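Residues per chain, in single letters:
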Amino acid sequence: MTAAILALQGAFAEHETMLERLGVDCFEIRQLKDIERSFDGLIIPGGESTVMRKLLGELGLLEPLRERILSGLPVYGTCAGLILLAKEVEGGELCFGTMDITAKRNAYGRQLGSFYTEAEMKGIGSIPMTFIRAPYISAASEQAEVLAEVDGNIVAARQGNQLVTAFHPELGTDTRVHEYFLDMMSGKR
Ligand code: GLN
């Protein structure tokens, strides 16, 4: 099994470290020719969604990746990655728009933008959650299953082959969210 990690900007190296710890092969997507390689899942890291969106467009990666996601390629978006997958974005522009959720960018304001908590994630249990200038999901349609909430706000969801978290499991040592995604890649979940 091989995972591809979008490596245009942001916290992609931390996802690589996490996958290496789990013994999973991965490679970086930096340009169009990289997606000619075969891969079973895609990780879209946290970072700055506006910058990633611009680069995805300029490099010609947006449409081909969008098509693959719509055809069922397992994808996991963290933080900015969540924003890029959302069908509606409050305070930002649409990118892939493949998941029936509304993402509210910088939802916690400047003061409370970054914080740590622990909360329940459906199918996993209580997990550490690190938020950095994070979005939350302000609305999710029936197609999207809510997996976690913090203070009444949705912070993790899944819709078929698509998984999103507003927090950053790749910044900690708990590997369970990545294992959950690997199970989606292998068809176990
Ligand atoms: N605030 C960033 C954005 O809007 C997301 C922050 C992050 O990915 N840690 O893209």
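Everything in this summary refers to the structure shown in the same document. Note that the coordinates shown come from a computational prediction; the quantities given were computed from them, not determined experimentally. (Residues numbered from 1 in each chain as written. Predicted model: local features only at pLDDT ≥ 70, side-chain atom pairs only at ≥ 80, totals over all residues. Heavy atoms only, no water.)

### Brief notes about the overall build of the chain
On a plain count of helices and strands, the chain comes out with five helices and 12 strands. Taking 2.2 N^0.38 as the reference for a compact globule, 189 residues should give roughly 16 Å; the C-alpha atoms of the chain span a radius of gyration of 15 Å, in line with that estimate. Principal-axis analysis of the C-alpha atoms gives the chain an extent of 40 × 35 × 30 Å. Within the chain, residue pairs in contact and separated by at least 24 positions form 63% of the contacts whose partners lie at least 6 positions apart. Element-wise, carbon and sulfur atoms account for 45% of the exposed surface of the chain, whose accessible area totals about 8,400 Å². Averaging the locations of the 18 positively and 26 negatively charged side chains of the chain gives two centres separated by 2 Å. (Helix = DSSP H or I, 4+ residues; strand = E, 2+ residues; numbered from the N terminus. Rg over C-alpha atoms; globule rule 2.2 N^0.38 Å. Contact = heavy atoms within 4.5 Å. Areas by Shrake-Rupley, 256 points an atom, 1.4 Å probe, with all protein chains shown as cover. Lys, Arg positive; Asp, Glu negative; His and termini not counted. Charge placed at Lys NZ, Arg CZ, Asp CG, Glu CD.)

### Structural notes on the site of the ligand
In the vicinity of the ligand, the contacting residues are Gly46, Gly47, Glu48, Ser49, Cys79, Ala80, Ile83, Arg105, Asn106, Ile132, Arg133 and His168. Ile132 is positioned with one of its backbone polar atoms (N or O) 3.0 Å from a nitrogen atom of the ligand. The fraction of the free accessible surface of the ligand (300 Å²) that becomes covered by protein chains is 98%. (Near = heavy atom within 4 Å. Polar contact = N/O pair within 3.5 Å; in protein donor to acceptor, adjacent residues only side chain to side chain.)

### Things to note about the pairing of strand 7 (residues 115-121)
As paired strands, strand 7 and strand 8 (residues 125-131) are joined by seven bridges and run antiparallel to one another. From the neighbouring strand, Thr117 faces strand 8, where its bridge partner is Met129. A loop of three residues connects strand 7 with strand 8, the two strands running antiparallel in sequence, and Gly123 in this loop sits at a positive phi of about 85°. (Pairing = 2+ DSSP bridges.)

### What about the pairing of strand 1 (residues 2-6)?
A large share of strand 1 lies buried, amounting to five of its five residues. Residues of strand 1 alternate between two faces, with Thr2, Ala4 and Leu6 on one and Ala3 and Ile5 on the opposite face, all of them buried. Relative to strand 2 (residues 25-29), strand 1 runs parallel, the two being bridged by five bridges. Within strand 2, the residue paired with Ile5 across the bridge is Glu28. Once the chain exits strand 1 it traverses helix 1 (residues 12-21) before rejoining the sheet at strand 2, and the crossover so formed is right-handed. Bridging between strand 1 and strand 3 (residues 41-44) involves three bridges; their strand directions are parallel. Paired with Ala4 across the two strands is Leu42, which belongs to strand 3. (Buried < 20%, exposed > 50% of the residue type's maximum accessible area, 1.4 Å probe, protein only. Right-handed = clockwise from strand over helix to strand, strands pointing away.)

### Side note on helix 3 (residues 62-70)
Listed in full, the buried residues belonging to helix 3 are Leu62, Leu65 and Ile69. Taken down its axis, helix 3 places every buried residue within 75° of arc, on the same side. Relative to its buried face, helix 3 has exposed residues pointing more than 90 degrees away, namely Glu67 and Leu70. Positioned one or two residues after helix 3, Gly72 has a phi angle of 110°, which is positive. (Arc of directions from axis to C-beta.)

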